[in-house]
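Structural features, examined
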Amino acid sequence: ALVTTEKEECEGKMWNNEQKCSPITTIKIVGSEFKKIITTSGKKFYPELMTSEIHSRQVLAFGKEGQRKIQALKIAIIGVGGIGSHIAQQLAYLGIKDFVIVDPDIVEGSNLNRLIGATSKDLKKSKVDVIANMIHSINPEAKIQKFNKDIRNMDVFTELKNLDIIFGGLDN
């Protein structure tokens, strides 16, 4: 049984061969266009289905609950140069939504061969601004707290106490 509205909202249940009822969570329409509709039950029981399929492989590996836990993490990256920028990119792709990034440096020409997201147009810009832009290009909804300061700064230190994971990308 399936009920639809003119706003493409729908709700449905299906019965299997053993006469057990379960909710319909998604409907795929194949034709001149491919369309995927997430039912009301799908939005309630599987909220990750409301996002794009960018994390579908991770859900296969970690399960839906595992992906939810990954996306709920609050992380920090101390030093967003060569290694730190790679960490930031991969965490953004994993679905992390809450970042604290810390680096007192600016982008220099010698950084361009290893600083993910940086181009010659970013010379003399703060590394935290460049990396925040890169993270937002992957996930526009990411919450990013930027500290263009040294880790020894008390504001930074205080903020780090409230996080789940801290990654170090420091050089010297």
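These remarks concern the structure in this document. (Residues numbered from 1 in each chain as written. Predicted model: local features only at pLDDT ≥ 70, side-chain atom pairs only at ≥ 80, totals over all residues. Heavy atoms only, no water.)

1. A closer look at the sheet that holds strand 8 (residues 143-147)
In spatial order, the strands read 8-7-6-9; together these 4 strands make up an open sheet with parallel pairing. Of all the strands in the sheet, the pair left with one neighbour each is strand 8 and strand 9 (165-168). Shown here is a sheet whose adjacent strand axes are inclined to one another by a mean of 15°, direction ignored. Here 4 bridges tie strand 6 (residues 74-78) to strand 9, and the two strands are oriented parallel to one another. When the bridges of strand 9 are listed, I75 appears paired with I165. The strands that helix 3 (residues 82-94) touches are strand 6, strand 7 (98-102) and strand 9; relative to strand 6, the one it contacts most, it runs at about 160°. Strands in contact with helix 4 (residues 127-138) are strand 7 and strand 8; relative to strand 8, the strand with the most contacts, it is inclined by about 170°. (Pairing = 2+ DSSP bridges. Helix = DSSP H or I, 4+ residues; strand = E, 2+ residues; numbered from the N terminus. Axes fitted to C-alpha atoms, helices over the stretch in contact; angles between N-to-C directions. Contact = heavy atoms within 4.5 Å.)

2. Points about the pattern of salt bridges
Counted by the stated rule, this structure contains 6 salt bridges. The salt bridge involving R68 is made with E65; its shortest N-O contact spans 3.3 Å. Of this pair, R68 and E65 both sit in helix 2 (residues 56-72), 3 residues apart, which is roughly one turn of that helix. Residue classification places R68 among the partly exposed residues on the basis of a relative accessible area of 30%. By relative accessible area, which is 43% here, E65 ends up partly exposed. The salt bridge partner of R152 is D150, with a shortest N-O separation of 2.8 Å. Residue classification places D150 among the partly exposed residues on the basis of a relative accessible area of 28%. (Salt bridge = Lys/Arg side-chain N within 4 Å of Asp/Glu carboxyl O. Buried < 20%, exposed > 50% of the residue type's maximum accessible area, 1.4 Å probe, protein only.)

3. A few points about helix 3
Taking 1.5 Å per residue as the helical rise, helix 3 with its 13 residues ought to reach 18 Å, and the 19 Å between its terminal C-alpha atoms agrees with that figure. Along helix 3, the residues that are buried comprise G84, S85, I87, A88, Q89, L91 and A92. Considering only its buried residues, helix 3 is in contact with strand 6, strand 7, helix 4 and strand 9. Backbone geometry just downstream of helix 3 places G95 in the positive-phi region, at approximately 110°. (Expected span 1.5 Å × (residues − 1).)

4. Describing the nonpolar core
Core analysis: the largest hydrophobic core is formed by 23 residues, its most contacted members being I77, L91, F99, I101, I131, I135 and I144. Among the elements of the structure, strand 6, helix 3, strand 7 and helix 4 are those that each provide at least two residues to this core. Residue contacts for L91: discarding those within four places in its chain leaves I75, I77, I96, F99 and F167. A76, I78, V100 and V102 belong to the second largest nonpolar core, which has 8 residues in total. (Core = buried A, V, L, I, M, F, W, Y, C linked by side-chain atoms within 4.5 Å.)

5. Observations regarding unusual backbone geometry
Residues other than glycine seldom take positive phi values, yet K124 does so here, at roughly 75°. Positionally, K124 belongs in the loop between strand 7 and helix 4.

6. Points about the packing of helix 3 against helix 4
The geometry of a pair of packed helices is captured by two quantities: the angle between their axes and the separation between those axes. At their nearest, the axes of helix 3 and helix 4 sit 9 Å apart, and the two run at 20° to each other. As judged from the angle between their axes, helix 3 and helix 4 are roughly parallel. In this structure, the crossing between helix 3 and helix 4 has a hand that is right-handed. Here helix 3 contributes S85, A88, Q89, A92 and Y93 to the contact with helix 4, which in turn contributes I131, M134, I135 and I138. Residues of the contact of helix 3 with helix 4, tallied by class, amount to 7 nonpolar, 2 polar and no charged. (Parallel < 35°, antiparallel > 145°, perpendicular 65-115°, else oblique. Left-handed = near helix turned anticlockwise from the far one by under 90°. Nonpolar A, V, L, I, M, F, W, Y, C, P; charged D, E, K, R; others polar.)

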